[in-house]
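Residue-level structural notes
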Amino acid sequence: MKSIIISGICGKTGANVYESAKEAGLNVACGIDREYYGNFDCPVYQSFADVNEYADVVVDFSSPSNLTGLLQYCIENKTPAVIATTGYSAEEEIKITEAASIVPILKTSNLSLGVNFFAKIVGETAEVLDEYDVEIIERHHRYKKDAPSGTTKMIVEAIKKSRAISLLSYGRKGEKPRKDGEIGIHSVRGGSVVGEHEVCFYGKYDEIRLIHSAQNKKLFSDGAIKAALFIAEQQPGFYTEKDLYNF
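Residues numbered from 1 in each chain as written. Predicted model: local features only at pLDDT ≥ 70, side-chain atom pairs only at ≥ 80, totals over all residues. Heavy atoms only, no water.

**Some remarks on the packing of aromatic side chains**
Put simply, the test is: Any Phe, Tyr or Trp ring, taking Trp's six-membered ring, that has another such ring centre within 6.5 Å forms a pair; planes under 30 degrees apart are called stacked, those over 60 apart edge-to-face, and the others tilted. Partly exposed describes any residue whose relative accessible area lies between the buried limit of under 20% and the exposed limit of over 50%, with all areas from a 1.4 Å probe on protein chains only and scaled to the type maximum. Either the NZ atom of lysine or the CZ atom of arginine qualifies as a charge over a ring when it sits within 6 Å of the ring centre and within 35 degrees of the ring normal.
Counting across every chain of the model gives four aromatic pairs. For the ring pair Y36 and F40, a centre distance of 6.1 Å and an interplane angle of 75° mean the geometry is edge-to-face. What makes F40 buried here is its relative accessible area of 13%. Seen from their ring centres, F230 and Y239 are 6.0 Å apart, and the 85° between their planes marks the pair as edge-to-face. Exposure class is identical for F230 and Y239. Each is buried. Members of the aromatic cluster, each reached through a chain of ring pairs, are Y18, Y36 and F40. Between R142 and the ring centre of Y143, over which it is positioned, the NZ or CZ distance is 5.3 Å.

The structure is reproduced here in structure tokens:
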């Protein structure tokens, strides 16, 4: 039986990862969270410095502030990790890449099969509709901290592979006509929206809108378990959702 540590276990997604792990027959060795609330049959610690348990893999849905402790634990114990937290700085991204030379790390902004396939479709559409203007509207719950979302950044990267992008415009204000190669990004935060991404392609005489809407956070937690089982069997290196889903 595989054993996992869930970083951010008391958050909504972390709690769902706990449930998904149980449904998959995995053992949850412990959880990490600064504030404990919920009902778990495993120890929950405030930081990785308090952990004495060993696990086959760490699954992280917490915050960038936990990165140092997480990487230290993984390196010292040679434990693979799935890092699904977003909002890292450039310096923190480098630290993750460096750690991946020692232990297997799968880092992604979104573990949903549907979202990853959606990004693939968006990239292919951008290549075919190369003269169409592109706008991205992303909607999330009122408590989401980072904007734009990690998934939006993933979508932008998919478009970049298909066409030249000269400018990313975050919202619109003032008198600024649209430029060639520009992509507009608009972040909406409110209520309890799980996550929705809409990519709009505007031509001279028509428009095409592609939408992915997440209905339940289990979408991400089930993907996290799939990623955990995958990375636990890999050699040291940096992996992404493309390695997981193979497209």
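**Describing the environment of F40**
This is how the line gets drawn: The helix count covers DSSP runs of H or I at least four residues long, the strand count covers runs of E at least two residues long, and both are numbered beginning at the N terminus. Note on definitions: a residue-residue contact is assigned when non-hydrogen atoms from the two residues lie within 4.5 Å.
By the secondary structure assignment, F40 is in the loop between β2 (27–32) and β3 (44–45). With 25 residues separating them in the primary sequence, F40 and A15 have C-alpha atoms 8.8 Å apart. Residues in contact with F40, not counting those within four places in the same chain, are I9, C10, A15 and Y18.

**Some points on the sheet that holds β2**
Note the cut-off: If DSSP finds at least two bridges between two strands, the strands pair. Only the stretch in contact is used when a helix axis is fitted, and all axes are lines through C-alpha atoms; the angle between N-to-C directions ranges over 0 to 180 degrees.
Reading across the sheet, the seven strands line up as β3-β2-β1-β4-β5-β6-β12 and stay open at both edges, with parallel pairing between neighbours. Here the strands that pair on one side only, and so sit at the sheet edges, are β3 and β12 (237–239). With three bridges joining them, strand β6 (residues 104–107) and β12 adopt parallel strand pairing. Note on β12: the bridge partner recorded for L106 is Y239. Sitting on the sheet, helix α1 (residues 12–23) touches β1 (3–7), β2 and β4 (57–60), and the angle it makes with β1 is about 170°. Across the sheet, helix α2 (residues 67–77) is in contact with β1, β4, β5 (81–83) and β6; its angle to β5 comes to roughly 160°.

**Things to note about helix α4 (residues 113–128)**
Short version of the rule: What a helix should span is 1.5 Å times the count of its residues minus one. A 3.5 Å cut-off defines polar contacts: any pair of N or O atoms within that distance qualifies, except that in protein one atom must be a possible hydrogen donor and the other a possible acceptor, and neighbouring residues in sequence count only when both atoms are side-chain atoms.
An ideal rise of 1.5 Å per residue puts 22 Å on 16 residues; α4 measures up with 23 Å between its terminal C-alpha atoms. Listing the buried residues of α4 in full gives V115, N116, F118, A119, V122, G123, T125 and A126. One side-chain oxygen at the N-terminal end of α4 lies 3.1 Å from the backbone nitrogen of G114; it belongs to S112.

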